[in-house]
Structures are given as structure tokens and as C-alpha cells.
Amino acid sequence: MTKLYDPSVSAAPLDLDSSTVASLADKAYVAIRDRLIMLDIRPGDPIDDDELAKDLGVGRTPVREALKRLEGDRLVVSYPRRGTFATGMDISDLAHISDIRAQLEPLAARRAAERAVRTSFAELEELAASIEHLDVARTDRTELMRWDLAVHRAIYRAGGNPHLEDVLIRYDNLATRIFCLFLDRLPTVDEHVGEHVELLRAIAAGDADRADELAREHVLGFEKAIRAVI
């Protein structure tokens, strides 16, 4: 099956096409971001920039530039004389992040339904079909989360508002990090990912009201699912 999820969210992010990620700092940013989101680097873990540079095959400067960007994304935090650490997680973060996403995710879905060009609609329909035919029983849960990320990124792009896209990517990354923390305890990950099929098709059909409604239900369902296992 062709993998339609975002190639920058992958197990080997440094194998990206150079047209997708231009600089070494960008490549380091994507690679480290991926490890933080998918919890390969756990909350509170110290970040060894020398070790990361060696592991990623880049110099220390690109890694340090990437870490500065990731601090702005709230994925890492730096302390004077102590170093840089993966940001910790608090359950209060869930409510704050969901509050923002419950307002902005429906807006992004609505705008995508209203404004997306024909090629975007085709991409969304293809993505829906791919998810619909996923063998969820045999698909690794981490890969399911990558499909989840791919859907949200595709919707943000289709909305045509780069400022809204930037904000939502940031908060979707934080939400995915929380999701991954409880992934092994959640019984309905496949259902959560499967919800995207109807959402994508509503957008592709230009049904803005339905897309808005489904996106809101999806975000609120995510928060409810997490709270049920805390």
C-alpha cells in the first residue's frame, strides 16, 4: 500500500527527499520532533545534543538550531546550567490543548471543505480510502498514530491558511504526544483513526457544516478517551 502519511513523520526522518526538507537544521528538527512526539524521547528525558548529532549524522549546530525551534513548540525546555530536557506532561495540558483544538480543528475542516482545490479533494479522498482499507488488527499502533497525524496535516494544508496550519500543527503534535503516552491503555485507537474516513469524505464533498461537526466530535472524543484511562 502506498504510504500517504506525512513522510516527515517517519521512523527514519533523515531519509527525506531534499525537496521536502531543505537544510540540515530542518532535517534535525523533523527527526528530533518525531522522536519527541512518538515518545522515543520520553517526557523529562535529558537531551544530549552531542549524542543526537552523532546519531543523526549531522553537526552540533543544526541540532542546537533544531532544539531552539522545538523549545518554541513546547516540546523541549532548557534550563541554565542544567541543560535541555523533553518537556514533561501534566494532565492539565490535556484540557488546555483540547480547548484550543475544539475551536480550531472544526475551523480548519470547514475551511478545507470551502476552499480546497480539486487536487486537494482528490488527495483527501485517496487518504480516506487508504485508511478505510487499513488492516487495523495487524497495523502497529504507532503507525496508526502516523496515519492520524497525516490526516490532520492534509486537512490543515487543504484549508489554505498557513497561519492556522502552523498553530494547529503545534497543538496536534502536543495532543499526539499525550495520545502516545496512553496508547497501550486505549482500547479504541483503531476507531479513533477510522473516524477520519467520514471526516475526509465530508471535506472532499464540500460539506462544510458536516466537516465542522465531525472535527469537533473527533477532538472531544480524543479527550474523553484519554480521561477514561487516566
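Remember, it's a predicted structure, so these values are computed and weren't measured experimentally.

Visitor: Tell me about the domain arrangement of the protein chain, and please be specific about residues and values.
Guide: Domain assignment breaks the protein chain into domain 1 (24-86) and domain 2 (91-228). Domain 1 and domain 2 are separated by 26 Å when their C-alpha centres are compared. Facing 13 residues of domain 1, the contacting portion of domain 2 comprises 11 residues. Between domain 1 and domain 2, roughly 1100 Å² of surface is buried when both sides are summed, and carbon and sulfur atoms account for 60% of that area. Three residues stand out in domain 1 for area buried against domain 2, namely Ile37, Met38 and Leu39, and they jointly supply 46% of the buried area on that side. At the junction of domain 1 with domain 2, the criterion picks out one salt bridge.

Visitor: Tell me about the pairing of strand 2 (residues 76-79), residues and numbers included.
Guide: Note: strand 2 against strand 3 (residues 83-86), four bridges, orientation antiparallel. Bridge pairing in strand 3 places Val76 opposite Ala86. Counting the residues that bridge the hairpin from strand 2 to strand 3 gives three residues, and of these Arg81 lies at a positive phi of roughly 65°.

Visitor: Go over the side chain of Thr139 with me, naming the residues and quoting the values.
Guide: With respect to the secondary-structure elements, Thr139 resides in the loop between helix 5 (118-132) and helix 6 (141-159). Assessed through its relative accessible area of 14%, Thr139 is described here as buried. Separated by 2.7 Å, the side chain of Thr139 and the backbone oxygen of Asp135 make a polar contact. Not counting the four nearest positions on each side in its chain, Thr139 is found in contact with Leu134 and Leu144.

Visitor: Please provide a residue-by-residue account of the environment of Ser92, values included.
Guide: As for its placement among the helices and strands, Ser92 is situated in helix 4 (residues 91-115). We classify Ser92 as partly exposed; its relative accessible area is 31%. Separated by 111 residues in the primary sequence, Ser92 and Ile203 place their C-alpha atoms 32 Å from one another.

Visitor: Just give me the short version of the packing of helix 4 against helix 6, but keep the residues and values in it.
Guide: Two elements in contact, helix 4 and helix 6, have axes separated by 7 Å at closest approach and are oriented at 60°. Looking at the two axes, helix 4 sits oblique to helix 6. Considering how the two elements wind past one another, helix 4 and helix 6 form a crossing that is left-handed. Every residue of helix 6 that contacts helix 4 at Arg101, Glu105, Ala108, Ala109, Arg111, Ala112 and Arg115 is listed here: His152, Ile155, Tyr156, Ala158 and Gly159. When its residues are assigned to classes, the contact of helix 4 with helix 6 shows six nonpolar, two polar and four charged.

Cut-offs used in this document
Residues numbered from 1 in each chain as written. Predicted model: local features only at pLDDT ≥ 70, side-chain atom pairs only at ≥ 80, totals over all residues. Heavy atoms only, no water. Domains from an automatic or database assignment. Contact = heavy atoms within 4.5 Å. Buried area = accessible area lost by both parts, 1.4 Å probe. Salt bridge = Lys/Arg side-chain N within 4 Å of Asp/Glu carboxyl O. Pairing = 2+ DSSP bridges. Helix = DSSP H or I, 4+ residues; strand = E, 2+ residues; numbered from the N terminus. Buried < 20%, exposed > 50% of the residue type's maximum accessible area, 1.4 Å probe, protein only. Polar contact = N/O pair within 3.5 Å; in protein donor to acceptor, adjacent residues only side chain to side chain. Axes fitted to C-alpha atoms, helices over the stretch in contact; angles between N-to-C directions. Parallel < 35°, antiparallel > 145°, perpendicular 65-115°, else oblique. Left-handed = near helix turned anticlockwise from the far one by under 90°. Nonpolar A, V, L, I, M, F, W, Y, C, P; charged D, E, K, R; others polar.

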